[in-house]
Amino acid sequence: MNVLYSATRNYYPYLTWTVRSLMEFNDARIFVFAEDDRIPCDFPCEVINVSKTDRFSRLNVSNRYTIMSLVRVLAPVLLPVDKVLYLDVDTIVADSLQEMYDTDMTDKWIAWVKEKGYYNPYDRDYFNFGVALMNLEQMRKDQVSERLVELLNTRKFTFGEQDAMNLIAEGHQIALPRRYNESQCTGTTDHPAIVHFAGISQWFQSNSMYRSEYRDKYMR
């Protein structure tokens, strides 16, 4: 199982929490897109310092977005694998993800979880990009990174790459069960496999927070 995280300097301290939870239930090859070389990597991982790659200039990334906000978009051109599970740093894994990872992705780009509908700029289902199983091989063939960068450079989106991917992914996506990205955006489940603290301010220190028991298990 290939798993990808991205982390800015502010989020380096919390990366260990989510990785600990992942490794309790899963065997994984872990990649981290990092803002610099100072990431305190106390677990086996392959760190990619995005500030040292020239892929961004060649793809004409606009200064409207930071490099770190675009790393998911550029995963197909930056990672040496054909399939990866992307996880936001504000996630805690609570079960095996192998069944989900083995989802048949033939001819598809992405498998992800639908949001509940509080925000939806399109007249169809809208998906959360905080947990995403990506078929990088197919995305490379279809030049998805290049298409997304062009959109992000020429249009303004409320939620950046998430909006852009939702715009072009119809017909190329698979809806995953909610338990693989349980959050306030997607809804609750009886047995979450991934708890996502999306939309919760100060999720890393709040004492009265939705599903805080999952976070607390790994922050100690």
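For the structure, see preceding data.
### Structural notes on the pairing of strand 1 (residues 2–7)
Point 1. Strand 1 sits mainly inside the fold: six of its six residues count as buried.
Point 2. Burial along strand 1 is two-sided: the face carrying Asn2, Leu4 and Ser6 and the face carrying Val3, Tyr5 and Ala7 are both buried.
Point 3. Note: strand 1 against strand 2 (residues 29–34), six bridges, orientation parallel. In the sheet register, alanine 7 faces strand 2, and the bridge partner there is alanine 34.
Point 4. The parallel pair strand 1 and strand 2, bridged by helix 1 (residues 12–25), forms a crossover whose chirality is right-handed.
Point 5. In terms of strand pairing, strand 1 meets strand 4 (residues 83–87) through two bridges, oriented parallel. Within strand 4, the position partnered with leucine 4 by the bridge is tyrosine 86.

### Some details on the sheet that holds strand 6 (residues 110–114)
Point 1. Pairing is mixed across the open sheet formed by seven strands, whose spatial order is 3-2-1-4-7-6-8. The open sheet has two edge strands with one neighbour each: strand 3 (46–49) and strand 8 (173–175). Direction aside, the axes of adjacent strands within the sheet are offset by 25° on average.
Point 2. Strand contacts of helix 1: strand 1 and strand 2, with the helix running at about 165° to strand 1, the strand carrying the most contacts.
Point 3. Contacting strand 6 and strand 7 (127–135), helix 7 (residues 160–168) runs over the sheet at an angle of about 60° to strand 7.

### Focus: the packing of helix 6 (residues 144–154) against helix 7
Point 1. The interhelical angle for the contact between helix 6 and helix 7, taken along N-to-C directions, is 120°, at an axis separation of 10 Å. It follows from the interaxial angle that helix 6 and helix 7 lie oblique. At the point where helix 6 passes helix 7, the crossing takes the right-handed sense. Across the interface between the two elements, Val144, Arg147, Leu148, Leu151 and Leu152 of helix 6 pack against Gly160, Glu161, Ala164, Met165, Leu167 and Ile168 of helix 7.
Point 2. Considered class by class, the residues forming the contact of helix 6 with helix 7 number eight nonpolar, one polar and two charged.

### Details of the environment of tyrosine 122
Point 1. Structurally, tyrosine 122 can be placed in the loop between strand 6 and strand 7.
Point 2. For tyrosine 122, a relative accessible area of 14% corresponds to the buried category.
Point 3. With 41 residues separating them in the primary sequence, tyrosine 122 and aspartate 163 have C-alpha atoms 9.1 Å apart.

Parameters and conventions
- Residues numbered from 1 in each chain as written.
- Predicted model: local features only at pLDDT ≥ 70, side-chain atom pairs only at ≥ 80, totals over all residues.
- Heavy atoms only, no water.
- Buried < 20%, exposed > 50% of the residue type's maximum accessible area, 1.4 Å probe, protein only.
- Helix = DSSP H or I, 4+ residues; strand = E, 2+ residues; numbered from the N terminus.
- Pairing = 2+ DSSP bridges.
- Right-handed = clockwise from strand over helix to strand, strands pointing away.
- Axes fitted to C-alpha atoms, helices over the stretch in contact; angles between N-to-C directions.
- Contact = heavy atoms within 4.5 Å.
- Parallel < 35°, antiparallel > 145°, perpendicular 65-115°, else oblique.
- Left-handed = near helix turned anticlockwise from the far one by under 90°.
- Nonpolar A, V, L, I, M, F, W, Y, C, P; charged D, E, K, R; others polar.

Nothing here speaks to function; it is geometry throughout.
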